[in-house]
Amino acid sequence: MRIVYDDTAQDEMIKAVDQFMGTLDVKRIVRYEWGTDRVQMHILREKLNLFLEQYRMSIGSTVTHAHGIGNNCKYPVYYWNEAENELQQCGSININTGMYGEGFVSCEDYNGKIISAVYEVRKYGIKITRRESE
């Protein structure tokens, strides 16, 4: 199966991530670690990946670390079209872990431009810190 970059499904990816983040119960992904409650971004990634399946999308396993820092994780997001024998990378998702137990989620296009809201995930809830139009 070949993988191609095709941003046709990019808007659907953004809407799906927005819907997931709007319904996420953060308390279910918080664990006590290093002396404080911390958001577990690996659990968020697993739950988001399961959610994206209904949109025929999945988060790839290839990770790129911005600036060589291991907590800055960018994953490809793939869309599969049943009519074609190929995976289409429709964008990327940043799933980053902060130093104080928080996490950050955002979507990027092929050129590395943030194209979605930036979600700051803390143990008390989610704050949208920036939108594409701002």
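From a predicted model like this one, the values you see are computed outputs, not experimental measurements.

A closer look at the environment of Met1
(1) Moving on: With respect to the helices and strands, Met1 occurs in the segment before β1 (2-5).
(2) Moving on: For Met1, a relative accessible area of 71% translates into the label exposed.

Quick look at the nonpolar core
(1) Moving on: Counting 34 residues, the largest nonpolar core has Leu44, Met57, Ile93 and Val105 as its most contacted members.
(2) Moving on: Only α1 (10-23), α2 (41-52), β4 (57-59), β6 (73-80), β7 (86-97), β8 (103-108) and β9 (118-122) provide two or more residues apiece to this core.
(3) Moving on: The residues contacting Met57, other than those within four sequence positions of it, are Ala9, Glu12, Met13, Asn49, Leu52, Val77, Tyr78, Tyr79, Trp80 and Cys90.

So, the confidence of the model for the chain
(1) Moving on: Per-residue confidence for the chain gives a mean pLDDT of 92, with 97% of residues at or over 70.
(2) Moving on: Mean pLDDT per element in the chain: β1 is the minimum at 87, and α2 is the maximum at 98.

Topic: the environment of Tyr78
(1) Moving on: Looking at the secondary structure, you find Tyr78 in strand β6.
(2) Moving on: Assessed through its relative accessible area of 13%, Tyr78 is described here as buried.
(3) Moving on: For the pair formed by Tyr78 and Asp6, sequence separation is 72 residues and the distance between their alpha carbons is 9.4 Å.

Thresholds, definitions, all that
Along each chain, numbering runs from 1 in the same order as the chain's sequence is written. Side-chain atom pairs in this predicted model are given and counted only at pLDDT of 80 or more, local residue features only at pLDDT of at least 70, and totals for whole chains, interfaces and linings cover all residues. In computing side-chain properties, one takes all heavy atoms of the structure into account and sets aside hydrogens as well as water. By definition, any uninterrupted DSSP run of H or I lasting at least four residues is a helix, any uninterrupted run of E lasting at least two residues is a strand, and each is numbered from the N terminus. For every residue, the accessible area obtained with a 1.4 Å probe (protein chains only) is divided by the maximum for its type, and the residue is called buried under 20%, exposed over 50%, and partly exposed between those limits. To define a nonpolar core, start from buried Ala, Val, Leu, Ile, Met, Phe, Trp, Tyr and Cys residues and group those joined through side-chain atoms within 4.5 Å. Residues are treated as being in contact if the distance between any of their heavy atoms lies within 4.5 Å. Values of pLDDT, which run from 0 to 100, indicate the predictor's confidence residue by residue.

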